[in-house]
Amino acid sequence: MTPVRETAEVAIVGAGIVGIAVAHALATRHGIRDVVLVEEGEPMGLTSAQSGENYRNWWPHPVMREFTDLSTGLMEAIARTTGNRIRLTRRGYVLVTRDPRPAGLLAELEAGYAGAGAGLIRLHEGAGAAYRPGEEAGWEAVPDGVDVLLGQALVRRHFPHLAPDAAAILHIRRAGDLSGQALGQYMLETLREAGGRLRRARVIAIEPGPPFRIATEAPDGTRAGIAARVLVNAAGPFIGRIAAMLGETLPVRNVLQQKLAFEDRAGVIPRDMAFTIDLDPQSLPWTAEERALLAADPATAALAQPMPGGIHCRPEGGPGGRWIKLGWAYNHAAAEPVRAPALLPHFPDIVLRAASRLHPGVAAYVGRLPRAATHYGGFYTMTEENWPLVGPMRCPGAYVAGALSGFGTMAACAAGALLADRIAGAALPALAAALSPERQADAALMAALRGQAAKGVL
Ligand SMILES: Cc1cc2nc3c(=O)[nH]c(=O)nc-3n(C[C@H](O)[C@H](O)[C@H](O)COP(=O)(O)OP(=O)(O)OC[C@H]3O[C@@H](n4cnc5c(N)ncnc54)[C@H](O)[C@@H]3O)c2cc1C
C-alpha cells in the first residue's frame, strides 16, 4: 500500500457539486473542518459542468418534493447572503400539454404536493381567471405551488408564443434556474476559508477502515496515501467504481443525456420565457423515406417510433443574451461511464424537430444550426426509482452521496446537509432514511417506487 502522507477526519472522493456540498455542510453546519476533497480533474468539471442548472419542486412523490424544497431553501439562504451571486431566478417551470383536462397530471400534482400545505394547486379557467405569470416583484414574492391553466384560450392569452394546440399549462412556481458553477465556487471558497483542502489526484485504491487508507495518484504520476476516519464516495458517474474498491456494489446505472445550445439569431424564443417543457409524447415528423431508413437500422429504429414527452427549452444568458438551450432525456440505455462520452451525432437534429412542435419557430434551425452551436452531455447516474443514494454504505465509516441523476445541481445543498448531519451524529429528518441506501431494506417502499408510472426523470 502507498505510504500515508496525509491524514484527515473526512476524505471525500469527487469535487463535483455534490462532494463540494457535503464538504461545505460539514464545515458550516458542524465545524468539521479537517476535510479533504480528492478530485481527479477540475472541481465542478465533469457532470456538474454539463448541468442545465434548472431547479424545481415538482415531483411525483412528496419525499423528492421535500428534498428539493429543502435544497431550494438552502440555496435561497446563500442567494440572500451573497447578493444573489448564484443568480437564482424564479420564472418557474411551464409544463405544457395538448390535453385540456389532464387528469393524470393533476393527480400526480396532488400526490407530489401532499403534505406541503393547503392551496398549492390553483386551477384557472375561463376569461376572468386570475393568474399572474411573472417574477416582477422578485423571486422571494413568487407563490409556491402550481398554477394550472385550463383551455386553449387562456393558455393563448398568457403564452401566445406557444403552438396554438397547447391546451393546458401547469406552471410550477418554486422553480427556475441558477448558476450551478457559481454555487460550487462559493461553497468551495467558504470551505477553503474554513480550512478544508482540495487535492488534485485520482483515487486508485482504498483499504477499508476506519481509518480508511486511500491510495491516490497525482496528474504527474506521484502516488500518495491519505488516512481518513470517514470516507465519502461522491464520485458522480464513478460511484460504482469507488464502491467496488470497498468490495461493495451500488444499485446504479449511467445513462447518457445531451443538450444543445445555440444562438437564436432569428429570435424565435422570447427572452423572458420560463423553462418550458412539452409533456406530450410525439412521433417525429420524418418523411416516409426518412422513417423507413431509421426503422431499418437497429441503432435508430426507436426514433421512427412514438417518442416520450419531456422536450425542454429555455433562453440562456438573461434578457440581454441571445442563446437558447434545448434538452430531451429520451435515452434510457445504460452505459459504462467514461469521462468524455461519445455524443449521438443525430441528437441536435432530433431535439430541434421535437421542440418545433411546441415552438414552431425552432423549425427554422433544422438543418441550419448556427456554426457555433454546442452539443454536449454527460451521465445521469441513477437508481431504478430515480431517488438518490445519500447515506451509509455497508462498510462502517463509509458513506455515499450520489445517484443524483438529472437533479444534482438543485439537490446538492440538501444532499450535503443530510449527509453532514448524519456524519456529525445530528438528528435526521424522516426523509433521510428514504433517500439513503437504507431504503432498500424497506420492501414495501421499494415496490411502491418501482411501480410508479412517473419517476420525475427530465
Ligand atoms: C445533460 C445534463 C443536464 C442536467 N441538467 C440538470 C439540471 O437542469 N438541474 C439539475 O439539478 N441537475 C442537472 N443535471 C444533473 C447534475 O448535473 C448532476 O446530478 C450533478 O452534476 C452530479 O454531481 P456529482 O458531484 O455527483 O458528480 P460529478 O459532477 O460528476 O462529480 C464527481 C467528481 O468525482 C471525480 N472523480 C470520479 N472518480 C474519481 C476518482 N477515482 N478519484 C478522484 N476523483 C474522482 C470526478 O472527476 C468528478 O469531478 C444534469 C446532468 C446532465 C448530464
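What counts, and where the lines are drawn
- Residues numbered from 1 in each chain as written.
- Predicted model: local features only at pLDDT ≥ 70, side-chain atom pairs only at ≥ 80, totals over all residues.
- Helix = DSSP H or I, 4+ residues; strand = E, 2+ residues; numbered from the N terminus.
- Rg over C-alpha atoms; globule rule 2.2 N^0.38 Å.
- Buried ≥ 20, exposed ≤ 12 C-beta atoms within 10 Å, placed from the backbone.
- Contact = placed C-beta atoms within 7 Å.
- Near = placed C-beta within 6 Å.
- Nonpolar A, V, L, I, M, F, W, Y, C, P; charged D, E, K, R; others polar.
- Domains from an automatic or database assignment.
- Arc of directions from axis to C-beta.
- Pairing = 2+ DSSP bridges.
- Core = buried A, V, L, I, M, F, W, Y, C linked by C-beta atoms within 7 Å.
- Axes fitted to C-alpha atoms, helices over the stretch in contact; angles between N-to-C directions.
- Parallel < 35°, antiparallel > 145°, perpendicular 65-115°, else oblique.
- Left-handed = near helix turned anticlockwise from the far one by under 90°.

Moving on: the overall build of the protein chain. Of the regular secondary structure elements, the protein chain holds 11 helices and 20 strands. A compact globule built from 458 residues would reach a C-alpha radius of gyration of about 23 Å, and the protein chain, at 22 Å, matches this within 12%. Considering the protein chain as a whole, with its 458 residues, one finds that 45% of them fall into the buried category. Nonlocal contacts in the protein chain, meaning residues at least 24 apart in sequence, comprise 75% of its contacts between residues at least 6 apart.

In the vicinity of the ligand lie 42 residues, with Gly 14, Gly 16, Gly 52, Gly 236 and Gly 408 positioned nearest. The set of elements that each furnish at least two residues to the shell around the ligand consists of helix 1 (17-30), strand 2 (35-39), strand 3 (54-55), strand 10 (202-207), strand 13 (253-263), strand 18 (374-382) and helix 9 (408-423). In terms of residues, the shell around the ligand owes the most to one element, strand 18, which gives four residues. The class makeup of the residues in the shell around the ligand is 17 nonpolar, 20 polar and five charged. If you count residues domain by domain, the shell around the ligand takes at least three from each of domain 1 (4-53 + 180-251 + 384-450) and domain 2 (89-175 + 254-382).

Turning next to helix 3 (residues 103-112). Those residues of helix 3 that sit buried are Glu 108, Leu 109 and Gly 112. Buried residues of helix 3 fall within an arc of 100° about the axis and therefore sit on the same side. Along helix 3, the residues that are exposed and aim more than 90 degrees away from the buried face are Ala 103, Ala 107 and Glu 110. Contacts from the buried residues of helix 3 go to helix 2 (62-81), strand 5 (121-125), strand 6 (146-150) and strand 7 (168-172).

Here strand 10 runs beside strand 11 (residues 212-217); their pairing, made up of five bridges, is antiparallel. Its bridge partner being in strand 11, Ala 205 is matched across the sheet by Ala 215. Counted along the chain from strand 10 to the antiparallel partner strand 11, the turn is four residues long.

On to the domain arrangement of the protein chain. With domains assigned, the protein chain is organised as domain 1 (4-53 + 180-251 + 384-450) and domain 2 (89-175 + 254-382). A separation of 31 Å is found between the C-alpha centroids of domain 1 and domain 2. Between domain 1 and domain 2, the residue contacts involve 13 residues of the former and 15 residues of the latter. Grouping the constituent residues of the side of domain 1 that touches domain 2 by class yields five nonpolar, eight polar and no charged.

Between Gly 209 and the following residue, Pro 210, the backbone shows a cis peptide bond with an omega angle of -5°. As for its position among the elements, Pro 210 is in the loop between strand 10 and strand 11. With an omega of 0°, the peptide bond between Pro 210 and Pro 211 qualifies as cis. Structurally, the position occupied by Pro 211 is in the loop between strand 10 and strand 11. Unusually for a residue other than glycine, Glu 53 sits at a positive phi of about 65°.

Topologically, Pro 429 is positioned in the loop between helix 9 and helix 10 (431-434). Between the C-alpha atom of Pro 429 and that of Gln 152, which follows or precedes it by 277 residues, the distance is 42 Å.

A separate point is the nonpolar core. The tendency in soluble globular proteins is for nonpolar side chains to be buried side by side. Counting 127 residues, the largest nonpolar core has Val 10, Ala 11, Ile 12, Val 22, Val 232 and Ala 415 as the members making the most contacts within it. Top element by residues in this core is helix 9. It accounts for 11 residues. If you count residues domain by domain, this core takes at least three from each of domain 1 (4-53 + 180-251 + 384-450) and domain 2 (89-175 + 254-382). When residues no more than four places from it in sequence are discounted, the contact partners of Val 232 are Val 10, Ile 12, Val 13, Gly 19, Val 22, Tyr 399, Ala 401 and Leu 419.

In this section: the pairing of strand 12 (residues 223-233). Pairing geometry for strand 1 (residues 4-13) and strand 12, over eight bridges, is parallel. Directly across from Thr 7, in strand 12, lies its bridge partner Ala 227. Pairing analysis gives six bridges linking strand 11 to strand 12, with the strands arranged antiparallel. Across the sheet, the residue bridging to Ile 214 is Ile 226, located in strand 12. Of the pairings in the sheet, the one linking strand 12 to strand 20 (residues 398-402) comprises three bridges and is parallel in character. Across the sheet, the residue bridging to Val 232 is Tyr 399, located in strand 20.

Viewed as axis vectors pointing N to C, helix 1 and helix 9 meet at an angle of 45°, and their least axial separation amounts to 7 Å. As far as their axial angle goes, helix 9 and helix 1 are oblique. Regarding helix 1 and helix 9, the two cross each other, and that crossing is right-handed. Of the residues in helix 9, those touching helix 1 at Ile 17, Val 18, Ala 21, Val 22, His 24, Ala 25, Leu 26, Arg 29 and His 30 are Gly 408, Thr 409, Ala 412, Cys 413, Ala 415, Gly 416, Ala 417, Leu 419, Ala 420, Asp 421 and Ile 423.

Between helix 1 and helix 5 (residues 180-194), whose axes approach to 9 Å, the crossing angle comes to 40°. Overall, the two elements helix 1 and helix 5 adopt an arrangement that is oblique. Considering only the axes of helix 1 and helix 5, their crossing is left-handed. Here Ile 17, Ile 20, Ala 21, Ala 23, His 24, Ala 27 and Thr 28 of helix 1 come into contact with helix 5, specifically with Gly 180, Leu 183, Gly 184, Met 187, Leu 188, Thr 190, Leu 191 and Ala 194. Here the contact of helix 1 with helix 5 is built from residues that sort into 10 nonpolar, five polar and no charged.

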